[in-house]
Amino acid sequence: MPHLELMSLEEKIGQLCLVNGAEGEIPSWLAEDVAAGRVGGVLNEVDPAVAERLQRLALSRPAGIPLLMGRDVIHGFHTIFPIPLGQACSWDETLVEACAAHAAEEAAACGLNWTFAPMLDLGRDPRWGRVAESLGEDPLLVSRLGAAMVRGFQGGDLRDPRRLAACAKHFAGYGASEGGRDYNSCPIPEIDLRQLHFPPFQAALMAGVATVMASFCDVAGVPASANAFLLDQVLRREWGFRGFVVSDWESVDQLKLHGVAADDRDAALQAASAGLDMEMAGSTFRRHLALLVQEGHLSMERLDAMVSAVLGVKRDLGLLEGLRPLPATPSPASGAQLAHRAACQCAVLLRNEDQCLPLSRKRVRSLALLGPMAHDVAEQLGTWVFDGDTRLGITPLEALRQWEDADFQILHHPGLCSTRDLDLGQLDEAVALAAQADVAVVVLGEEAILSGEAHCRADIRLPGAQEELLRRVSQTGTPTILVLMAGRPLALEGVHELAQATLCMFHPGSQAGTALRDLLFGIEEPGGRLPISFPRQSGQIPIHYSQKSTGRPADTSSFTPMANIPQGAKQHSLGNTSHYLDAGFTPLYPFGHGLGYSFIQLKDLRLDHQTLRPGQRLGVSVTLRNTGARAGTELVQVYVRDLVASVSRPVKELKAYRRVHLEAGAVCDVHFDLGEEDLRFVGRDLRWMSEAGHFRIWVGTNSADGLEACFSLE
Ligand code: BGC
């Protein structure tokens, strides 16, 4: 690294310090530290003029090195796209990549060069607020979409001033936070870490991700920020990661609170020795690394490796050659177009009784638009939108009003002041509007603040009096459509039946309004499929499609709902299987589920071999027929079960998927091919391997059903 030998110890340590910026004026301590080379990066500074002043200060000294300028650009910058969980509903790498690329361009125009995204933690517990920021429950889907986000943020060449260095976070296992409570312990056996939690990070590395963030949590008792197994053995030695690892916010200091470090000095030593390179927000590196090196506790070799990793990323960004030019801000129109496309493609039609949707413009002359999320531009954006520009947003009310004329009337009332409101005082007015209208569209869910970091919920039903609002609206007899805008799956058992159709948009972003309007009236088709299971009740969590069979698997014949248990039933008389008496064992909506407006049927599953031999591919084909009257898109999904293996394997695992567009009446064949590598798993010796034996394969449109066949691996 050219600069290394010219740098003093203080300057080297400076490169490892990421400090929080100041909105507006640069405080004197920051100006002094930057000018003295005691800072390697600044986060949360988004004023391009201030960013430029900071960069000039960094360059004002001989051999000065520009700063990394970081920010959480998670699902948009000024233009906001659906939350990551929403984007994952698209199962579309091209779309996800395009959203990240647009966000990078808007952010880079403000002087940023680094984003703390994508979050690659598995979202398997909807109580966990950060499920909003996840790409869902499945390692394959998270890997593909996470890699697409990395490509979008970073582009082909980080020197391009429109691109940002990405950060794969939070390494590793954070999604398994106990009880869905943020920051909690993650008791994950190594076999599951390797099988489930690592693959998305490996995929991000393959996509060239520049940086990795250590997570807040402890994995099997060792906090990630001081976890040499994660940061050194796996990330560097096994996977050959060459970028740098940044801590999470003050997570080095927090080693004391975890109870594994005696003081800040100990925390800094443990983190640096374990493989952490840069400290975010804390000051343990700044205060202690020099002495730790001088006294021989931390080798100069390790310190140089840390600095080289940071300088390597700066080199890749072109920063060692000077300041990057500020790119132009992309046009808001292009952002709006993409945000609209994304919100449509990410919307999941969960239910559609009697093809209630799409609505006909000819038949609907008055529409009651109700609910606290129908007209609140800030709340529809979701979590992590520090820079989201509400002026670029449009609410459902505003979008529908654009269409109002003598033949089409919008009757609007929120019914409740917020999604948490328990006051029933306004309900009558809202319900009266529903009674007058041809159709009622009730937009419910969660305000942005109810999900995201540290915003976990134990009970994930619709908060406040929203269920009551929906119940009263449905009692009017007016056809009712439930639209959900939320940061997580909600437990809707007993509620969703009140509406004829349910459309889940998660938090859809800036263009929620135009997207909902166009979806309701069939100008667009809801393109989303669930990347996460919807439980019936909160108490079923965790519930994900790829569970293990167990030795006593439940099926519909083996469980008696609580209400049907005969009085005085003897202990084993109902059989003993893995289920809840009061909630069964199935989710309300399975992973992969979502309806469209056309009728696309799958038939004739064909395998080109019954036996997959080494070096061969197994061709899998299915025929799709669109029997509906309009063109549509289906997501064809391939699942496999390894029937007998040396470790128990999930009842189903996603192996492949494809979005297929079909014109009305069209028929087409869709082909997949699987190889031996698709059938590998982490074995008892913690290595990836496959085993000869029998497999079941399903091709379908969700994880619960599908056409079925068998094959074997030789
Ligand atoms: C979060 C990270 C985020 C960082 C910087 C932390 O609290 O866990 O995901 O990137 O703050 O804002």
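The structure under discussion appears in the preceding block.
Report on the accompanying structure.

Definitions and limits used
- Residues numbered from 1 in each chain as written.
- Predicted model: local features only at pLDDT ≥ 70, side-chain atom pairs only at ≥ 80, totals over all residues.
- Heavy atoms only, no water.
- Helix = DSSP H or I, 4+ residues; strand = E, 2+ residues; numbered from the N terminus.
- Rg over C-alpha atoms; globule rule 2.2 N^0.38 Å.
- Buried < 20%, exposed > 50% of the residue type's maximum accessible area, 1.4 Å probe, protein only.
- Areas by Shrake-Rupley, 256 points an atom, 1.4 Å probe, with all protein chains shown as cover.
- Lys, Arg positive; Asp, Glu negative; His and termini not counted.
- Charge placed at Lys NZ, Arg CZ, Asp CG, Glu CD.
- Near = heavy atom within 4 Å.
- Nonpolar A, V, L, I, M, F, W, Y, C, P; charged D, E, K, R; others polar.
- Core = buried A, V, L, I, M, F, W, Y, C linked by side-chain atoms within 4.5 Å.
- Pairing = 2+ DSSP bridges.
- Axes fitted to C-alpha atoms, helices over the stretch in contact; angles between N-to-C directions.
- Phe/Tyr/Trp six-rings, centres within 6.5 Å; stacked < 30°, edge-to-face > 60°.
- Lys NZ or Arg CZ within 6 Å of the ring centre and 35° of its normal.
- Salt bridge = Lys/Arg side-chain N within 4 Å of Asp/Glu carboxyl O.
- Parallel < 35°, antiparallel > 145°, perpendicular 65-115°, else oblique.
- Left-handed = near helix turned anticlockwise from the far one by under 90°.
- Contact = heavy atoms within 4.5 Å.
- Expected span 1.5 Å × (residues − 1).

Moving on to the overall build of the protein. Each helix and strand counted, the protein has 18 helices and 26 strands in total. A compact globule built from 714 residues would reach a C-alpha radius of gyration of about 27 Å, and the protein, at 26 Å, matches this within 12%. Judged by the C-alpha coordinates and their principal axes, the protein covers about 75 × 65 × 55 Å. The 714 residues of the protein split such that 61% are buried. When the accessible surface of the protein is summed, it comes to about 26200 Å², and 50% of that surface belongs to carbon and sulfur atoms. Across the protein, the 64 positively charged side chains and the 87 negatively charged ones have centroids separated by 4 Å.

Looking at the ligand, the residues that line it are Asp 72, Phe 116, Arg 130, Lys 169, His 170, Met 213, Phe 216, Asp 248, Trp 249, Met 280 and Glu 453. Coverage of the ligand by the protein chains reaches 94% of its 310 Å² of free accessible surface. Looking at side-chain class alone, the shell around the ligand contains 5 nonpolar, 1 polar and 5 charged residues.

Turning our attention to the nonpolar core. Here is a general trend for soluble globular proteins: nonpolar side chains tend to be buried in one another's company. Of all hydrophobic cores here, the largest spans 119 residues; its most connected members are Trp 114, Phe 171, Phe 285, Leu 289 and Leu 303. Judged by nonpolar contacts, the second largest core, of 47 residues, contains Leu 370, Leu 469, Leu 588 and Tyr 589.

A few words now on the sheet that holds strand 22 (residues 667-674). Pairing between sheet strands relies on hydrogen bonds along the backbone, with the strands arranged either parallel or antiparallel. As summarised here, the arrangement of the 3 strands in space is 17-19-22, forming an open sheet in which the pairing is antiparallel. Strands with a single pairing partner mark the edges of an open sheet, and in this sheet they are strand 17 (600-607) and strand 22. For this sheet, the mean inter-axis angle between neighbouring strands, taken without regard to orientation, is 25 degrees.

A complete count under the given rule lists 21 aromatic pairs for this structure. Ring geometry for Trp 128 versus Tyr 174: centroids 5.0 Å apart, planes at 80 degrees, classification edge-to-face. Taken together, the positions of Trp 128 in the loop between strand 4 (114-115) and helix 6 (139-154) and Tyr 174 in the loop between strand 5 (167-171) and helix 7 (190-197) put the pair 46 residues apart, joining distant regions of the chain. The buried category is assigned to Trp 128, whose relative accessible area is 0%. Residue classification places Tyr 174 among the buried positions, given a relative accessible area of 0%. Ring geometry for Phe 695 and Phe 711: centres 5.3 Å apart, planes at 10 degrees, overall stacked. Taken as a pair, Phe 695 in strand 25 (residues 693-700) and Phe 711 in strand 26 (residues 707-713) lie far apart in primary sequence, 16 residues in all. Of the two residues, Phe 695 and Phe 711, neither departs from the other in class, the shared state being buried. Put simply, the rings of Trp 91, Tyr 545, Phe 591, Tyr 639 and Tyr 657 pair up and form one aromatic cluster. When the ring centre of Trp 403 is taken as origin, the NZ or CZ atom of Arg 361, which lies over that ring, is 4.1 Å away. Cation over ring: Arg 361 sits above Phe 408, and NZ or CZ is 5.8 Å from the ring centre.

Before going further, it helps to spend a moment on the pattern of salt bridges. Under the definition given, this model contains 47 salt bridges. In this structure, the salt-bridge partner of Arg 159 is Glu 321, at a minimum N-O distance of 2.5 Å. With a gap of 162 residues between them, Arg 159 in the loop between helix 6 and strand 5 and Glu 321 in the loop between helix 13 (300-316) and helix 14 (332-346) connect regions that are remote in the sequence. Overall, the relative accessible area of 63% leaves Glu 321 in the exposed class. Between Arg 401 and Glu 404 there is a salt bridge; the shortest N-O distance is 3.2 Å. The exposure class assigned to Glu 404 is partly exposed, which follows from its relative accessible area of 32%. One continuous salt-bridge network, built from bridges that share partners, spans Asp 72, Arg 130, Glu 133, Lys 169 and Glu 453.

Glancing now at the packing of helix 12 (residues 284-294) against helix 13. Axis separation between helix 12 and helix 13 bottoms out at 10 Å; the angle between their running directions is 140 degrees. Judged by the angle between their axes, helix 12 and helix 13 are oblique. As helix 12 runs across helix 13, the sense of the crossing is left-handed. Contact with helix 12, carried on its side by Phe 285, Leu 289 and Val 293, involves Met 300, Leu 303 and Met 306 of helix 13 and no other residues of that element.

On to the sheet that holds strand 25. Read from one edge of the open sheet, 5 strands run 18-26-25-20-21, paired in mixed fashion. If you trace the sheet from one side to the other, it starts and ends with strand 18 (611-612) and strand 21 (653-662), each paired once. In the sheet, strand 25 pairs with strand 26 via 7 bridges, with the strands oriented antiparallel. Across the sheet, the residue bridging to Ile 697 is Ala 709, located in strand 26.

Below, the discussion takes up unusual backbone geometry. A cis amide bond links Lys 169 to the next residue, His 170, at an omega of 0 degrees. On the secondary structure map, His 170 appears in strand 5. That bond from Ile 541 to Pro 542 is cis: its omega, 0 degrees, falls within 30 degrees of zero. Looking at the secondary structure, you find Pro 542 in the loop between helix 18 (512-520) and strand 17. Phi angles above zero are rare outside glycine, and Asp 354 is one such case at about 50 degrees. Among the secondary structure elements, Asp 354 is positioned in the loop between strand 11 (348-352) and strand 12 (366-370). With a relative accessible area of 72%, Asp 354 lands in the exposed category. Although it is not a glycine, Gln 355 sits at a positive phi angle of roughly 50 degrees. Examined against the element boundaries, Gln 355 turns out to sit in the loop between strand 11 and strand 12. A residue is classified by how much of its surface remains accessible, and Gln 355, at 47% relative accessible area, is partly exposed.

For the rest of this paragraph, the subject is the packing of helix 14 against helix 18. Two elements in contact, helix 14 and helix 18, have axes whose closest approach is 8 Å; the angle formed by their N-to-C orientations is 50 degrees. Here helix 18 runs oblique to helix 14, going by the angle between their axes. In this structure, helix 14 meets helix 18 at a crossing whose hand is right-handed. Residues His 340, Ala 343 and Cys 344 of helix 14 form the contact with helix 18, whose participating residues are Thr 514, Ala 515, Asp 518 and Leu 519. The residue inventory of the contact of helix 14 with helix 18, partitioned by class, reads 4 nonpolar, 2 polar and 1 charged.

Glancing now at the pairing of strand 5. With 5 of 5 residues buried, strand 5 is to be regarded as a mostly interior element. Summarising the sheet, strand 5 and strand 6 (residues 211-214) pair through 3 bridges and their orientation is parallel. Following the sheet pairing, Phe 171 is matched in strand 6 by Ala 214.

In this section: helix 8 (residues 199-206). With 6 of its 8 residues buried, helix 8 lies for the most part within the structure. Here the buried face of helix 8 lies against helix 6, strand 5, helix 7, strand 6, helix 9 (228-238) and strand 24 (688-689).

Right, let's talk about helix 13 for a bit. Helix length check: helix 13, at 17 residues, gives a terminal C-alpha distance of 24 Å against a target of 24 Å (1.5 Å per residue), a fit within 8%. Turning to helix 13, its buried residues are Arg 302, Leu 303, Asp 304, Met 306, Val 307, Ala 309, Val 310, Leu 311, Gly 312, Val 313 and Lys 314. Each element contacted by the buried residues of helix 13 is listed here: helix 1 (9-14), strand 3 (68-71), strand 6, strand 9 (244-246), helix 11 (264-274) and helix 12. Downstream of helix 13 by a residue or two, Gly 318 has a phi angle that is positive, lying close to 85 degrees.

No statement about biological role is implied by the geometric values presented.
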